[in-house]
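Secondary and tertiary structure notes
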Amino acid sequence: MARRSLRPQLNQIRQWVRQGRTDAWIAHQLEVTTQQIASFKRENELVADDVDTETGADFDDEIDLRAEDDALIAAELEAAQAAKAKAEAEAAEAKAKEEAARAKARKKQAETDDDEDGDKPSRRRGRRGGRGRRKAHAGPLEGTFDHGEEGYGLWLDPAVQDDPVYAEHWAGHRPIEITIEEDQIVIRRVGEDDDE
């Protein structure tokens, strides 16, 4: 890689050296290495002076720009930490709302199941042993609708794979049609079952 000439920035580098800027800071500003800055300063006899020879100003009386840079960096770090804390708080709040909605749905489902059980007469069990018919699942399965950075997704309860209806009609990749309504999102298969 060809070495970049720093000659056009001589006056700027001279000013930064007088201000007390470090070689690393100057190198970062000019996008070169600190070794290049150090050798350029030696070649051009640039050294930090306490007094500016052109104006006679004493830089000890002026604002220390290094401290100002440190303050700006600290402010940026604090802002980033505050933004991260805010995002975490929002995520925790959303998760708490989601959990509350799930609990409410489970409670409503339990009440519905209790109402249905009260209307039906109890079934007499036979004396013979054997396996009874197994239900596909005890109640509605849970899922999460995800608004991710990379798009939208629907995450279903892993118990869905044990459901025989799912295994027969939905397993694998299937084209679907989605209808969004005010209180529900309806997912239907398209393609092969349109005749039915």
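What this report covers is the structure whose coordinates are included nearby.

Here is what the cut-offs are and how they apply
Residues numbered from 1 in each chain as written. Predicted model: local features only at pLDDT ≥ 70, side-chain atom pairs only at ≥ 80, totals over all residues. Heavy atoms only, no water. Buried < 20%, exposed > 50% of the residue type's maximum accessible area, 1.4 Å probe, protein only. Helix = DSSP H or I, 4+ residues; strand = E, 2+ residues; numbered from the N terminus. Arc of directions from axis to C-beta. Contact = heavy atoms within 4.5 Å. Patch = residues over 30% accessible without salt bridge, like charges linked within 9 Å, V, L, I, M, F, W, Y side chains within 5 Å. Areas by Shrake-Rupley, 256 points an atom, 1.4 Å probe, with all protein chains shown as cover. Salt bridge = Lys/Arg side-chain N within 4 Å of Asp/Glu carboxyl O. Axes fitted to C-alpha atoms, helices over the stretch in contact; angles between N-to-C directions. Parallel < 35°, antiparallel > 145°, perpendicular 65-115°, else oblique. Left-handed = near helix turned anticlockwise from the far one by under 90°. Nonpolar A, V, L, I, M, F, W, Y, C, P; charged D, E, K, R; others polar. Polar contact = N/O pair within 3.5 Å; in protein donor to acceptor, adjacent residues only side chain to side chain.

1. Topic: helix H2 (residues 23–30)
Those residues of H2 lying buried are Ile 26, Ala 27 and Leu 30. Angularly, the buried residues of H2 cover 100° about the axis, an arc narrow enough to put them on a single face. On its buried face, H2 sits against helix H1 (10–19) and helix H3 (34–43). Just downstream of H2, Glu 31 is the residue with a positive phi angle, here 60°.

2. Considerations on a nonpolar patch on the surface
On the surface, Phe 145, Tyr 152, Leu 154, Leu 156, Ile 176, Ile 178, Ile 180, Ile 185 and Ile 187 cluster together into a nonpolar patch covering about 930 Å² of accessible area. Within the residue set of the nonpolar patch, elements represented by two or more residues are strand S2 (151–156), strand S3 (176–180) and strand S4 (185–189). For Ile 185, the location among the structural elements is in strand S4. Residue classification places Ile 185 among the partly exposed positions, given a relative accessible area of 44%.

3. Structural notes on the packing of H1 against H2
Where H1 meets H2, the closest approach of the two axes is 10 Å, and the angle between their N-to-C directions is 150°. With respect to their mutual orientation, H1 and H2 come out roughly antiparallel. Taken as a pair, H1 and H2 cross one another with a handedness that is right-handed. Within the contact between the two elements, H1 uses Ile 13, Trp 16 and Val 17 and H2 uses Trp 25, Ile 26, Gln 29 and Leu 30.

4. Notes on the packing of H2 against H3
In a packed pair of helices, the relevant descriptors are the angle between the two axes and the axis-to-axis distance. H3 packs onto H2 with a crossing angle of 110° between their chain directions and a minimal axis gap of 8 Å. By the angle class used here, H2 and H3 are roughly perpendicular. The segment H2 lies against H3, with Asp 23, Ala 24, Ile 26, Ala 27 and Leu 30 engaging Thr 34, Ile 37, Ala 38 and Lys 41. Partitioned by chemical class, the residues of the contact of H2 with H3 number 6 nonpolar, 1 polar and 2 charged.

5. Quick word on the side chain of Gln 36
Inspection of the secondary structure puts Gln 36 in helix H3. Taking relative accessible area as the criterion, Gln 36 reaches 14% and is therefore assigned buried. Within the structure, Gln 36 has its side chain in polar contact with the backbone nitrogen of Thr 33 (distance 2.9 Å).

6. Notes on the pattern of salt bridges
On inspection of all chains with the given rule, the structure shows 4 salt bridges. Salt-bridge contacts for Asp 23 lead to Lys 41; the nearest nitrogen and oxygen are separated by 2.6 Å. One end of the pair, Asp 23, is in helix H2; the other, Lys 41, is in helix H3, and 18 residues separate them in sequence. Residue Asp 23 is classed as partly exposed on the basis of its relative accessible area, which comes to 23%. For Lys 41, a relative accessible area of 17% gives the class buried. For Arg 102, the salt bridge identified is with Glu 99, shortest N-O distance 3.3 Å. Taken together, the residues span about one helical turn, with Arg 102 and Glu 99 both in helix H4 (residues 65–119) at a distance of 3 residues.

7. Comments concerning H1
Restricting attention to buried positions, one finds in H1 the residues Leu 10, Ile 13, Trp 16, Val 17 and Arg 18. For H1, the secondary structure elements touched by its buried residues are H2 and H3. Count one or two residues on from H1 and you reach Gly 20, which has phi positive near 90°.

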